[in-house]
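Inside the fold
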Amino acid sequence: MSEVILTLHIVTAYVSIISFLSRGVVVLFIDANGIRGMARWLPHVNDALLAFSGAMLVYSNPYSDTFWLAIKFFLVLVYVLLGMIALDGKLYQLTPWSDKQWPKLYAWFGALIIGVSIFVLATNNPL
């Protein structure tokens, strides 16, 4: 059972980073209103599956080293915050730099770097 959950977690992690990359390209470089229909809600369903499978992996192995999991959790929170700044128009409008596109681009690149860091951390530390 744990192998199925691990496989689900790995697949949803790859889909999550690919969808974030593609949504960033669409929103930042092509058209801010270009995401419609299933492409608008499907990444959220995938991210919920990713979080659920991650929680199930931790729950199924409670005696694992938790320090790197705490770091990974913190990085995920930073990733989500940067993603909200880069892709969510409502949060971005509250910032003092909302009239410029560059901070959104920096937040998007920062979130991609954090996402890669999460992958490196997860692949170098077994559960």
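1. Quick notes on the nonpolar core
- Counting 17 residues, the largest nonpolar core has Phe20, Leu75, Tyr79, Trp108, Leu112, Ile114 and Ile118 as its most contacted members.
- Of all the elements, helix α5 (residues 102-124) adds the most residues to this core, at eight residues.
- For isoleucine 118, the contacting residues outside a window of four places in its chain are Lys72, Leu75, Val76 and Tyr79.

2. Observations concerning the packing of aromatic side chains
- Inspection of the entire model under this criterion finds three aromatic pairs.
- Ring centres 5.3 Å apart and planes at 55° place the aromatic pair phenylalanine 20 and tyrosine 79 in the tilted group. In this pair, phenylalanine 20 is assigned in helix α1 (residues 2-30) and tyrosine 79 in helix α3 (residues 67-87), connecting sequence segments 59 residues apart. In this pair, the class of phenylalanine 20 matches that of tyrosine 79, namely buried.
- When the ring of tryptophan 108 is compared with that of phenylalanine 109, the centres are 5.1 Å apart and the planes differ by 55°; the resulting orientation is tilted.
- Looking at tryptophan 108, the relative accessible area reads 3%, which means it is buried.

3. A word on the confidence of the model for the protein
- Mean pLDDT for the protein: 79, with 79% of residues reaching 70 or above.
- Mean pLDDT across the elements of the protein ranges from a minimum in helix α4 (residues 89-93), with 60, to a maximum in α5, with 87.

4. Notes on the environment of isoleucine 85
- Considering the arrangement of structural elements, one finds isoleucine 85 in helix α3.
- The exposure class assigned to isoleucine 85 is buried, which follows from its relative accessible area of 16%.
- Separated by 26 residues in the primary sequence, isoleucine 85 and alanine 111 have C-alpha atoms spaced 9.6 Å apart.

Reading the values: the criteria
- Residues numbered from 1 in each chain as written.
- Predicted model: local features only at pLDDT ≥ 70, side-chain atom pairs only at ≥ 80, totals over all residues.
- Heavy atoms only, no water.
- Core = buried A, V, L, I, M, F, W, Y, C linked by side-chain atoms within 4.5 Å.
- Buried < 20%, exposed > 50% of the residue type's maximum accessible area, 1.4 Å probe, protein only.
- Helix = DSSP H or I, 4+ residues; strand = E, 2+ residues; numbered from the N terminus.
- Contact = heavy atoms within 4.5 Å.
- Phe/Tyr/Trp six-rings, centres within 6.5 Å; stacked < 30°, edge-to-face > 60°.
- pLDDT = per-residue confidence, 0-100.

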